[in-house]
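Given next are the chains, with one letter for each unit.
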Amino acid sequence: MTWFKRQSGELDTSGEKNVRTEGLWIKCESCRQIIWKKDIEENLNVCPKCDKHFRIDARTRLAQLLDDGQYETFDANLVSTDPLKFVDLKAYSSRLKQAQSDTGLKDAVINAKGKLNGRPVIVSSMEYAFIGGSMGAVVGEEIARAVEHAAAQKVPLIIVSASGGARMMEGVISLMQLAKISAALARLDEAKVPYISLLTDPTTGGVTASFAMLGDLNIAEPGALIGFAGPRVIEQTIRQKLPQGFQRSEFLLEHGMLDAVVPRKELKSYIDRALSFMAQKAA
Amino acid sequence: MTAFLQRGAQVPGNPGFSGAAVTLAGTDWLLSMVEMGWSTRNGDGKAMEMSDKARKELEKIEQQIVRLRAVPGQDPDTRGQIDQLNQRVGLLRDQLSQNPNRPKSAWEKAELARHPQRPYMLDYIERIFTDFSEIHGDRSFRDDHAMVCGMARFHGEEVLVVGQQKARDTKQKVYRNFGMPNPEGYRKALRTMKIAAKFQRPVICFVDTDGAYPGIDAEERGQGEAIARNLLEMSRLEVPTIAIVIGVGGSGGALAIAVADRVLMMENSIYSVISPEGCASIMWRDASKKELAAEAMRITAGDLKELGLIDSIVPEPEGGAHTNHEAAATFVDNALQQSLADLKKLPVKNLVAARYDKFRNMGQFFRVEAQ
Ligand SMILES: [Zn+2]
């Protein structure tokens, strides 16, 4: 305790200058180089030295994908009712409140309408910072609504996944959201409206076992962790070390499970290219 | 019990003995000791003696809970944790009471659902269906023995049966991969369901798996994609579909054959998003809290019916399906006949529309808040 106090006291005497510069530099977790924070931000949050794709939040994602960073959100006001009154070491209700105040969101997804290279699109962008991007009844409903909007308005759909899977604190209710969204996607498929699934770091569990793998095209950012079972569960089951690069985007591409791995700065043009291919031909 | 407490008392700073003040951590610690003592009981003559001691400790703990509750101005977290202590005391009391008529706890149901003598899919096929002819393989990689698919006659009517198959002896367990399918199992299931749809034969799925297999090759071959594809295709399969959870409904690996017009659960089966042990080790950071996790996740047939996630509950013979396979099969037979008769009244178009609506409106637990 005293040790900690003394240390923070030292920080104070060392002057503000030191503290301020600290926030301006970032040490890349991948190449371990110290990089000017602004350089990373200007590079779409990708390390300019090693191309490490840092995780970005749902709003930044929407701003990067949509023209002029402009978009209009919809169905942003749904809130979980904590149907199981779930309590573990903490109450789920207080986890929700904490996540809401941390992210400024009501749950782990943002539904948005905007334009991608001039083309109207609907985007559901998941927020990993909200309880691990986990999917409960609210995320299920919001994504299902986005799918239905896309089908009704014949506007292409993009779902950006960033999720640890189903939300345990909503039990089987969360599992049933997989069926709900997959059923809605069957209808979107019948309406012949394009759906691009963009998998980002990380996309695991129930999300991988449903909408993330059901795009007309399933594409991923480089180096993203993507899998059904989490690496730890697999390690415990088979009791051996996992191979290098296992469950990363490039691994999935190699095994034929992804249509493309696309660097962040090329995402917009790749999706635009795909939507042009999928645009309904005039009668 | 005393031994546990004494051993604990020597730990410096032990929250259970921090003077007269009752703290949440202290009560929690005491209760853990009682739980641990009870769960390691060895079934000899000491059990009675132990349960007496445990009862006395529980009384003490209940008094502490009353005092904890009396503290004013608690946040919902603390209140939730006190409720949970109370719930744990209730669970222990139930176990100590040894009253055969008390309702089974979620964990006890989980144990019944996993009972090694419980009838498995093929035990039901043998008793309820005739002329069963298996269809093997996914036409792409190999035949998955954890998933059994085949043509069968149900009271004379042609149907497709699909289901995960567990096994009892070691050799068979390995052959069946402990009832945990790989992607090719789910792809075989879908392939055969499409044959059934083409020839207008109803599909009956028997759900009994701890989950889809979590392995390196399963991931390489797209376990997620295989399950996802089944969810999508089953939602629009143009034929009556029934799924019955006969044992363990383990998460996505179970749901992948359970997007059906009628979803039934046997009385002592469970259906959950993760195993109670898995949930306990993640949320409580302690796998031994499995009983609490089982309760909290609401995994029993009664829970799911109440939450509107399944259509009906199939009774089991007294003591559970493992005590009498014939009787269990009769219950399943009756339930399937009933469901199939209901479904055949509807034109297939309406059936598919109703199925969509059912899953679309399922589990809508949210409220709309002002911006
Ligand atoms: Zn770097």
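Residues numbered from 1 in each chain as written. Chains lettered and ligands numbered in written order. Predicted model: local features only at pLDDT ≥ 70, side-chain atom pairs only at ≥ 80, totals over all residues.

## As for the overall build of chain B
When helices and strands are tallied, chain B shows 16 helices and 9 strands. For chain B, buried positions account for 46% of its 371 residues. When contacts within chain B are restricted to residue pairs at least 6 apart in sequence, those whose partners lie at least 24 apart make up 71%. (Helix = DSSP H or I, 4+ residues; strand = E, 2+ residues; numbered from the N terminus. Buried ≥ 20, exposed ≤ 12 C-beta atoms within 10 Å, placed from the backbone. Contact = placed C-beta atoms within 7 Å.)

## Here we look at the overall build of chain A
When its secondary structure is counted, chain A shows 10 helices and 11 strands. The globule rule puts the C-alpha radius of gyration for 283 residues at 19 Å, and the 20 Å found for chain A is close to it. In terms of principal-axis extent, the alpha carbons of chain A reach across some 75 × 45 × 45 Å. Across the 283 residues of chain A, 47% fall into the buried class. Counted over contacts in chain A with a minimum sequence separation of 6, partners at least 24 positions apart contribute 66%. (Rg over C-alpha atoms; globule rule 2.2 N^0.38 Å.)

## Focus: the interface of chain A and chain B
On the side of chain B, 54 residues touch chain A, which itself brings 55 residues to the contact. Elements that contribute at least two residues to the side of chain A that touches chain B include exactly strand 4 (78–80), helix 5 (92–103), helix 6 (137–153), helix 7 (171–190) and helix 8 (231–238) of chain A. No other element matches the 15 residues that helix 7 of chain A contributes to the side of chain A that touches chain B. Residue classes in the side of chain A that touches chain B are distributed as 34 nonpolar, 16 polar and 5 charged. As paired elements, strand 4 of chain A and strand 9 (residues 366–368) of chain B share 3 bridges and run antiparallel to each other. (Nonpolar A, V, L, I, M, F, W, Y, C, P; charged D, E, K, R; others polar. Pairing = 2+ DSSP bridges.)

## A word on the packing of helix 7 of chain A against helix 10 (residues 223–235) of chain B
The angle between the axes and the distance between the axes are what describe a pair of packed helices. Contact geometry of helix 7 of chain A with helix 10 of chain B gives a least axis separation of 8 Å together with a crossing angle of 65°. Along this stretch, helix 7 of chain A crosses helix 10 of chain B, giving a crossing that reads as right-handed. For the pair helix 7 of chain A and helix 10 of chain B, the contacting residues are A:L178, A:A179, A:S182, A:A183, A:L185 and A:A186 in the first and B:A228, B:L231, B:L232 and B:S235 in the second. Here the residues of the contact of helix 7 of chain A with helix 10 of chain B are counted per class, giving 8 nonpolar, 2 polar and no charged. (Axes fitted to C-alpha atoms, helices over the stretch in contact; angles between N-to-C directions. Left-handed = near helix turned anticlockwise from the far one by under 90°.)

## Considerations on helix 16 (residues 348–360) of chain B
With 13 residues, helix 16 of chain B should reach 18 Å at 1.5 Å per residue; the first-to-last C-alpha distance of 18 Å fits that figure. For helix 16 of chain B, the full list of buried residues reads B:V352, B:R355, B:K358 and B:F359. Along helix 16 of chain B, the residues classed as buried sweep out an arc of 125° about the axis, all on the same side. What points out from helix 16 of chain B, more than 90 degrees from its buried face, is the exposed set B:K349, B:N350, B:A353, B:A354 and B:D357. Contact partners of the buried residues in helix 16 of chain B: helix 7 of chain A together with helix 10 of chain B. (Expected span 1.5 Å × (residues − 1). Arc of directions from axis to C-beta.)

## Brief notes about the domain arrangement of chain A
All names here are of chain A. Partitioning chain A into structural domains gives domain 1 (8–52) and domain 2 (55–278). A C-alpha centroid distance of 29 Å is found between domain 1 and domain 2. Contacts between domain 1 and domain 2 engage 5 residues on the former and 6 residues on the latter. Its residues assigned to classes, the side of domain 1 that touches domain 2 comprises 2 nonpolar, 1 polar and 2 charged. (Domains from an automatic or database assignment.)

## Notes on the confidence of the model for chain B
Detailed reading of the predicted coordinates is not advisable wherever pLDDT is low. All names here are of chain B. Overall, the predicted model of chain B reaches an average pLDDT of 89, with 89% of residues at or above 70. Predicted confidence for residues 1–19 stays below pLDDT 50, and this span has 25 contacts to residues more than four positions away or in other chains. Note on the complex model: pTM 0.85, ipTM 0.91. (pLDDT = per-residue confidence, 0-100.)

## Here's the deal with the pairing of strand 2 (residues 147–154) of chain B
All names here are of chain B. Strand direction decides the pairing type here: strand 1 (residues 130–134) and strand 2, joined by 3 bridges, are antiparallel. Within the sheet, the bridge partner assigned to S133 lies in strand 2 and is M151. Here strand 2 runs beside strand 3 (residues 157–164); their pairing, made up of 8 bridges, is antiparallel. Bridging across to strand 3, R153 finds its partner in E158. Counting the residues between successive antiparallel strands, the hairpin from strand 2 to strand 3 contains 2 residues, one of them, H155, with a positive phi of roughly 50°.

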